[in-house]
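Observations on the three-dimensional arrangement
Chain residues, written in single-letter form:
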Amino acid sequence: MNLRDGVKTSDNKVSAETEKLADFVKDESKSLIDRLECYEDIINLEVGDTALNRAKTLEREFDIRQLYIKYEGDNPTGTQKDRIAFAQMYDALRRKYEVTSLATCGNYGVAVALAANLAGIKCKIYIPDSYQTDRFEEMKSLGAEIIQLPGSYEDVVHKSSALAQENDWYDANPGGANTPLQISAYSQIAFEIIEELGDAPKYCAAPVSNGTLFAGIYRGFVSMYKRGKTSRIPKMIAASSSRKNPIVQSFIQGLDYCKDLDPQAAKETKYNEPLVNWHSFDGEEALYALIQSEGSAYNISDKKMKEMSGFLLKKEGLRILPAATAGLIALLEMDEKFNFEPDRYVSVLTAKY
């Protein structure tokens, strides 16, 4: 199986200022408080505050007003995963961990490898032995140790979490004790959207896989609403590969819990792999967001994702991973079906290629 969960190999460059700060962070002769402050400076320099732009070409093409794109490709390794990677490595540094471990199929591994490298923390990355990714060399170049194990992605998550517990490593896997921290990191996306727009959009769409990103964005909007910073909580739109994600399927079936899929039915392709799961580790949180916001969930085909990726490159000049377009496609399909009134609509594009 030659699957690639996405972003093509890149230099993962950070600024010269970040490199100087990282040298200080790694200097154990310095006080932990000072090292943490420097690492926080790195996060502020490199992560988040991604672009939110009005997609006027898409508005004209699909007759929708007003459509905004939240582009997570601006993060240092090209995906939203940097947000949770850096937040967790700050936590690991604060708690004096020397090693972090996680399971990945590509993008998340690169994000944690970079964040750990800048923090001076050793990184062990576990990958299913049936997977190959263009990002292996990036992880290795950032000092990460790659270990391939038999089984599915879900199997490898459980195995790497067990190894972390046995060896007193920092467990950066989804669905564990760090879920609240990961959700909090992703909630920053909602904060940034409201800061730019001055209020929450009517709808916010995003791809779903494990559900952590989706749950985090929703929690961010809820937090801002409760603090009186926005007049409304948007209806959330989740989208994933057709009939290959438990969150979407559970919502469509009207369930109030996230039901696992048959592992044999969740087949990956080079286009849908970042979205496909038979078990979503934070699926309950994401499903809750859908239900509470009175949102919607959509199955999106590989063909549509591939076509939208090409369209965005041609019309908007954005190099977007096909799987990252799922939420946008769902939002546009909803508009076609229900003929949205003029308002503000946001789609989160999670990764470049």
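Residues numbered from 1 in each chain as written. Predicted model: local features only at pLDDT ≥ 70, side-chain atom pairs only at ≥ 80, totals over all residues. Heavy atoms only, no water.

1. So, the overall build of the protein
- Each helix and strand counted, the protein has 13 helices and ten strands in total.
- For the protein, the C-alpha radius of gyration of 19 Å lies close to 20 Å, the compact-globule estimate for 353 residues.
- If you line up the protein on its principal axes, its C-alpha atoms span 60 × 45 × 40 Å.
- A separation threshold of at least 6 residues defines the contact pool for the protein, and within that pool the share at least 24 residues apart is 72%.
- For the protein, the accessible surface area stands at approximately 15100 Å², while carbon and sulfur atoms represent 45% of it. (Helix = DSSP H or I, 4+ residues; strand = E, 2+ residues; numbered from the N terminus. Rg over C-alpha atoms; globule rule 2.2 N^0.38 Å. Contact = heavy atoms within 4.5 Å. Areas by Shrake-Rupley, 256 points an atom, 1.4 Å probe, with all protein chains shown as cover.)

2. Describing the side chain of Asp 91
- Positionally, Asp 91 belongs in helix H4 (residues 81-94).
- Asp 91 has contacts with Tyr 170, Asn 178 and Leu 181, leaving out every residue within four places of it along the chain.

3. Here we look at helix H1 (residues 16-25)
- Taken as a whole, H1 has its buried residues at Thr 18, Leu 21, Ala 22 and Val 25. Seen end-on, H1 carries its buried residues on one side only, within an arc spanning 105°. Opposite the buried face of H1, at more than 90 degrees from it, the exposed residues are Ala 16, Lys 20 and Asp 23.
- Where the residues of H1 are buried, they touch helix H2 (32-46), H4 and helix H5 (107-119). (Buried < 20%, exposed > 50% of the residue type's maximum accessible area, 1.4 Å probe, protein only. Arc of directions from axis to C-beta.)

4. Considerations on the pairing of strand S5 (residues 145-149)
- Of the strand pairs in this sheet, strand S4 (residues 122-128) and S5 are connected by five bridges, and their pairing is parallel. Residue pairing for S5: Ile 125 is matched across the bridge by Ile 146.
- On the question of chirality, the crossover connecting S4 to the parallel S5 by way of helix H6 (residues 136-141) is right-handed. (Pairing = 2+ DSSP bridges. Right-handed = clockwise from strand over helix to strand, strands pointing away.)

5. Some points on the pairing of strand S8 (residues 235-241)
- Among the seven residues in S8, six count as buried, and that is most of the element.
- Pairing of strand S7 (residues 203-207) with S8 involves five bridges; the strand directions are parallel. When the bridges of S8 are listed, Pro 207 appears paired with Ala 239.
- Remark: the S7/helix H9 (residues 212-226)/S8 crossover connection has right-handed handedness.

6. Thoughts on unusual backbone geometry
- Here the bond from Arg 65 into Gln 66 is cis, since omega is -20°, no more than 30 degrees from zero.
- Assignment of secondary structure puts Gln 66 in the loop between helix H3 (56-62) and strand S2 (67-71).
- Here the phi dihedral of Lys 96 falls at roughly 65°; this positive angle occurs in a residue that is not glycine.
- Take Lys 96: it is sitting in the loop between H4 and strand S3 (99-103).
- Phi angles above zero are rare outside glycine, and Asp 168 is one such case at about 60°.

7. Some words on the sheet that holds S4
- Strands sit in the order S5-S4-S3-S6 across an open sheet of four strands; the sheet is parallel. Edge strands, defined here as strands with exactly one partner in the open sheet, are S5 and strand S6 (170-171).
- Judged from the two bridges that link them, S3 and S6 form a sheet pairing that is parallel. Directly across from Thr 100, in S6, lies its bridge partner Tyr 170.
- Sitting on the sheet, H5 is in contact with S3 and S4, with an inclination near 170° to S3. (Axes fitted to C-alpha atoms, helices over the stretch in contact; angles between N-to-C directions.)

8. Description of the pattern of salt bridges
- Scanning the model with the defined rule gives 16 salt bridges in all.
- For the salt bridge of Glu 72 with Arg 83, the shortest nitrogen-to-oxygen distance reads 2.6 Å. Taken as a pair, Glu 72 in the loop between S2 and H4 and Arg 83 in helix H4 lie far apart in primary sequence, eleven residues in all. The two residues Glu 72 and Arg 83 agree in class, both being buried.
- In this structure, Asp 91 and Arg 95 form a salt bridge, with 3.0 Å as the shortest nitrogen-oxygen distance.
- Residue class for Asp 91 comes out buried when judged on its relative accessible area of 9%.
- The exposure class of Arg 95 is partly exposed, given its relative accessible area of 40%.
- Each of Lys 70, Glu 72, Arg 83 and Glu 192 takes part in a single network of salt bridges with overlapping partners. (Salt bridge = Lys/Arg side-chain N within 4 Å of Asp/Glu carboxyl O.)

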